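Descriptive analysis of the structure
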Amino acid sequence: MNGRRDRVGYAGAAARPWTAPRLGWSLKALGGTLGGQWERTRRDTLFLMGAVFLSALPQFAFQPAWVSATFLLLFFWRFGLVISGRWTPRTSVRLVAAIGCAAGVYAQYHSLIGRDPGTSLLVLFLGLKLMEMQARRDLFVVIFLCFFLLLTTFFHSQSILVATMVLLAVFALVSAMLTIQFAENEVAIGRRMRMTAKLMLQAAPLAVVLFFVFPRLSAPLWGTEGLAGAARTGLSETMAPGSIAELSQSDEVAFRVQFDSSPARRFMYWRGPVLDHFDGRAWSTSRVLPHPSVPASVEVPADGPRHRYSVTLEPTGQRWLFVLEAPVWIDPAWASRSAIDDAFTLVAREEIGRRVRYDVVSSTDYLLGPNETPSSLRNWLQLPPRSNPRTLALAARWRADGLEPAAMVDRALRMFAEQPFRYTLRPPLLDQDPVDGFLFDTRAGFCEHFASAFVVLMRAVGIPARVVTGYQGGERNEHDDYWIVRQSDAHAWTEVWLGGRGWLRVDPTGAVAPERIERGAPRNMGAIAEGFATGDGPSLWHRLRLRIDGIAHGWNQWVLNYDDQRQRGLLGALGIDFGDWREIAGVFAALSMVVIGGCALLTLHPKLPADPVERAWSEFCGKLASCGIAREPHETAWQFHERSSRLLDAASAAQARRIVRLYNELRYGGRDGKADVRHLRQSVARFSP
């Protein structure tokens, strides 16, 4: 096919002389009849291009900017060709463009294989396909490319917003398919929409059956490729001055929690990575995952407070499973997929590459590691030599006073509370000895500054101590009764080991800024970077955000969290063996037959005409048919009356004659008054052969 000789549109319609269109902008350009203003093929092409744009729209958030810009350039180029009626580009131009797009994708990803380069190529080639769309076959190729592109959108996100956009695009694509099928008989856009809605509603029950019965994989088909090569979100195994402060500027959701009975906010310490090694500036862990050490023992009073809750953790590409201190029971489904390490942190055996949900029971009254030995505590006393000398000198003076370890801890907390230390998200820069600079010079910092300085002081006086990172607090969604823990709730605190008491949580930030613990992290970082929110109630926008988040939480719980474990439990409750594919196939076939049969019963029965005149006439014919006088398809109304009147009594024949005369006048004689229609319906209702 020579692109220079083909006009825009498609070859599915009969050839007709081409004339430049008059640009009359109207919604009717996509459906209905406008005479010579718009050709039929041009309207159909524009309708399909609208569906193509809706199909590509969800991908714009996940593609490099140049990929989205290139697609839009190709799209609006073709749109201009349709409007103006100009030729499509030559084959050589399209070939050069295809090579350029492939080269750009290779330069971006250094590969043409994989999830991200594959979806980028698909977006670009869809735009290129628009430039050669001519024949009827090309339109179907474009539609099927759009369906495949919509499927790849879920590789990046499965949120309810993305699902809604995909559903809207599918609706538009099915409408475009119906538009093509009508050929020369143009159908109004409203009727096309109603037909599409009916088709999708008929398919919905079968989709529900597939959702619940079709075997689900334990991991995505594309693995964790997107997280492996991208920057990880949330906490990590390192903490340097400013790392958590930067993280706390983010309003991104880390996880959501639903309690049976929630504790007070000040007890909500969501334990994450525990850091043991200090190089003078930054903290890290010297242990390699998975940690092989025996976990510390924990003692919980039999009558102590216990809280059962479910955590829905967003994908992080890391292994931390955040739990409320201290967990005493873990969902059996996760017992074989996770372990508690020697620092009492719950660690998954594989990276969290997708949203996961796990159930936990925790007790806020516990005794952690009371039987530690000197060898097991040695790692928690490490300090680098010749770093932060002023801090070490202060610790030496404290040691000379001969205080007990518990008194030493209280002394450090009093120092933070009584001296002019200040909590801020924008602390001054520190030199090569950050602990010295913080304790003796700036005295302004975020939670990591206080936690780091406190642990260095404790280790310097001979008390085992460690930095614990995680999240503190959360925001309660009153509408749906669950808690939202955001990246802005990221926090660092400490633990010290005291003989007979084990590891005790000590949060030095609470000595300086108790509001941070009691009221949680500030939600508007730009407005309150140097303090905490006032007591004003939430704004209308904030309440709306909580409503939207509640919808997203319900979507996560009931749709996205239906994984292989929950499917196994559902099928097991129904007595179906999850491992027997033949049994599952039989159940699916049986349910599909029931669904298809139900839809057939509801949709394939005869329906009365929508026209009241035709509906009355059908009722009249039905009454005669019940007496054995059925109308033949070739008979006119008068022919049917003449044949039926010979079989009726005189009164019924006269009544039928009046009905037939009135029907012909309303249908063919120009009478269309509401009174005449009402009279016809009343006459038919009274007719009794």
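Heads up: these notes are all about the structure in this document. Residue numbering note: each chain is counted from 1, following its sequence as written. Local features are withheld for residues below a pLDDT of 70 in this predicted model, meaning they are given only at 70 or higher, and side-chain atom pairs are given and counted only at 80 or more; totals for whole chains, interfaces and linings count all residues. Excluding hydrogens and water, the side-chain values take into account all heavy atoms of the structure.

Once that is clear, we can look at the overall build of the chain. Working definition: helices are DSSP H or I runs of at least four residues, strands are E runs of at least two. Numbering for both runs from the N terminus. Secondary structure summary: the chain contains 24 helices and 20 strands in total. Going through the 689 residues of the chain one by one, you find that 45% of them count as buried. Any pair of residues with heavy atoms lying within 4.5 Å of one another is described as a contacting pair. For the chain, the proportion of contacts with a sequence separation of at least 24, taken over those separated by at least 6, is 73%. Burial classification: accessible surface area is computed with a 1.4 Å probe over protein chains only, and a residue below 20% of its type maximum counts as buried, one above 50% as exposed, and the rest as partly exposed.

A few words now on a positive patch on the surface. Patches here: salt-bridge-free residues with over 30% relative accessible area, like charges joined within 9 Å, nonpolar side chains (Val, Leu, Ile, Met, Phe, Trp, Tyr) joined within 5 Å. What sets the accessible areas is the Shrake-Rupley method with a 1.4 Å probe; for residues, cover comes only from the shown protein chains. The salt bridge criterion pairs a side-chain nitrogen of Lys or Arg with a carboxyl oxygen of Asp or Glu, the two atoms within 4 Å. Counted as positive: Lys and Arg. Counted as negative: Asp and Glu, with His and the chain ends omitted from the count. Every charge is mapped to an atom, namely NZ of Lys, CZ of Arg, CG of Asp or CD of Glu. Together, Arg657, Arg658, Arg661 and Arg686 make up a region of like positive charge exposed at the surface. Here the element with the most residues in the positive patch is helix α23 (residues 650-668); it accounts for three residues. Tracing the chain through its elements places Arg657 in helix α23.

Attention now goes to the packing of aromatic side chains. Think of it this way: a Phe, Tyr or Trp ring, Trp meaning its six-membered ring, pairs with another when their centres are within 6.5 Å, and the plane angle makes it stacked under 30 degrees, edge-to-face over 60, tilted otherwise. Summed over all chains, the structure comprises 27 aromatic pairs. Ring geometry for Phe255 against Tyr471: centres 5.6 Å apart, planes inclined by 85°, an arrangement best described as edge-to-face. Taken together, the positions of Phe255 in strand β2 (residues 253-259) and Tyr471 in strand β16 (residues 465-472) put the pair 216 residues apart, joining distant regions of the chain. Residues Phe255 and Tyr471 agree in their burial class; the two are buried. Pairing Trp380 with Trp503 gives two aromatic rings, centres 5.8 Å apart and planes at 80°, and the pair type is edge-to-face. Taken together, the residues Trp380 in the loop between α11 (374-377) and α12 (389-400) and Trp503 in strand β20 (residues 502-506) connect sequence positions 123 residues apart.

This paragraph deals with the packing of α23 against helix α24 (residues 674-686). Only C-alpha atoms enter the line fits that serve as axes; for helices the fit covers just the stretch in contact. Angles between N-to-C directions range over 0 to 180 degrees. Between α23 and α24, the least distance of the axes is 10 Å, while the angle of their chain directions is 150°. With respect to α24, the axis of α23 lies roughly antiparallel. Seen along the crossing, α23 lies across α24 with a hand that is left-handed. Along the contact surface, α23 presents Gln655, Ile659, Leu662, Tyr663 and Leu666, while α24 presents Asp676, Val677, His679, Leu680, Ser683, Val684 and Arg686. Reported orientations rely on four angle classes, namely roughly parallel under 35 degrees, roughly antiparallel over 145, roughly perpendicular from 65 to 115, and oblique for the rest. For a crossing to be left-handed, the near helix must be turned anticlockwise from the far one by less than a right angle; the clockwise case is right-handed.

This part is about the sheet that holds strand β18 (residues 482-486). Spatial strand order, β9-β12-β7-β2-β18-β17: six strands in an open sheet with antiparallel pairing. The sheet terminates laterally at β9 (327-330) and β17 (475-477), the two strands that pair on one side only. Direction aside, neighbouring strands of the sheet carry axes that sit 30° apart on average. Both β2 and strand β7 (residues 306-313) contribute to a ladder of five bridges, which runs antiparallel. Following the sheet pairing, Val257 is matched in β7 by Val311. Pairing between strands is defined by DSSP: at least two bridges between them are needed.

Moving on to empty space enclosed by the protein. Cavities and pockets were defined on a 1 Å grid built from protein atoms only: a cavity is a group of points that admits a 1.4 Å probe but offers it no way out, a pocket is an open group of points flanked by protein on both sides within 12 Å along at least five of seven lines, and a lining residue is one with an atom within 4 Å of any such point. Grid points are joined across faces, edges and corners, and a volume is the space filled by probe spheres set on the points. Going through the model one piece at a time under the given rule, you end up with two cavities of 30 Å³ or more. Estimated volume of the largest cavity: approximately 100 Å³. Pro241, Pro434, Glu448, His449 and Ser452 are the residues nearest the centre of the largest cavity, which is lined by 14 residues in total. When residues of the lining of the largest cavity are traced back to their parent elements, those giving at least two are α14 (434-442) and α15 (447-460). Note on residue classes: Ala, Val, Leu, Ile, Met, Phe, Trp, Tyr, Cys and Pro are nonpolar, Asp, Glu, Lys and Arg are charged, and everything else, Gly too, is polar. Here the residues of the lining of the largest cavity sort into 10 nonpolar, two polar and two charged.

As a further point, take the pattern of salt bridges. All told, the structure shown has 20 salt bridges when counted by the stated rule. Close ionic contact of Lys129 with Glu132 constitutes a salt bridge, the shortest N to O distance being 2.8 Å. For Glu132, a relative accessible area of 29% gives the class partly exposed. Here Glu495 ties to Arg271 by a salt bridge, and the two come within 2.7 Å at their closest N and O atoms. With Glu495 in strand β19 (residues 490-498) and Arg271 in strand β3 (residues 269-275), this residue pair connects regions lying 224 residues apart in the sequence. For the pair formed by Glu495 and Arg271, the shared burial category is buried. Shared partners join several salt bridges into a network, and the residues in it are Arg94, Lys129, Glu132, Arg137 and Asp138.

Burial analysis of β19 places nine of its nine residues in the buried class, the great majority of the element. The side-chain alternation of β19 yields two buried faces, one formed by Ala490, Ala492, Thr494, Val496 and Leu498 and the other by His491, Trp493, Glu495 and Trp497. Where β16 and β19 come together, seven bridges link them in antiparallel fashion. Residue pairing for β19: Tyr471 is matched across the bridge by Ala490. Here β19 runs beside β20; their pairing, made up of five bridges, is antiparallel. Bridging across to β20, Val496 finds its partner in Leu504.

This part covers the side chain of Asp276. With respect to the helices and strands, Asp276 occurs in the loop between β3 and β4 (277-278). Separated by 2.5 Å, the side chains of Asp276 and Asn379 make a polar contact. Polar contacts here mean pairs of N or O atoms no more than 3.5 Å apart (in protein, one a potential hydrogen donor and the other a potential acceptor; neighbouring residues in sequence count only if both atoms are side-chain atoms).

A contiguous nonpolar patch, built from Val208, Phe212, Leu570 and Leu574 and spanning about 350 Å² of accessible area, is present on the exposed surface. Within the fold, Leu574 resides in the loop between α19 (564-573) and α20 (581-603).

Moving on, we come to the environment of Pro405. Here Pro405 lies in helix α13 (residues 405-418). Look at Pro405 and you get partly exposed, because its relative accessible area is 37%. Here the alpha-carbon distance between Pro405 and Trp497, two residues 92 residues apart in the chain, equals 9.0 Å. Sequence-distant contacts of Pro405, defined by excluding residues within four places in its chain, comprise Ile463 and Leu498.

Glancing now at α12. One less than the residue count of a helix, multiplied by 1.5 Å, gives the span that helix is expected to have. Over its 12 residues, α12 runs 17 Å from end to end, which matches the ideal 16 Å to within 8%, given 1.5 Å per residue. Looking at α12, one finds that the buried residues are Thr391, Leu394, Ala395 and Trp398. All buried residues of α12 project into a common sector of 100° when viewed along the axis, lining one side. Lining the buried residues of α12 we find α13, α14 and α15. Following α12 by one or two positions, Gly402 adopts a phi angle in the positive range, close to 70°. Here, the arc refers to the directions that run from the helix axis to the C-beta atoms.

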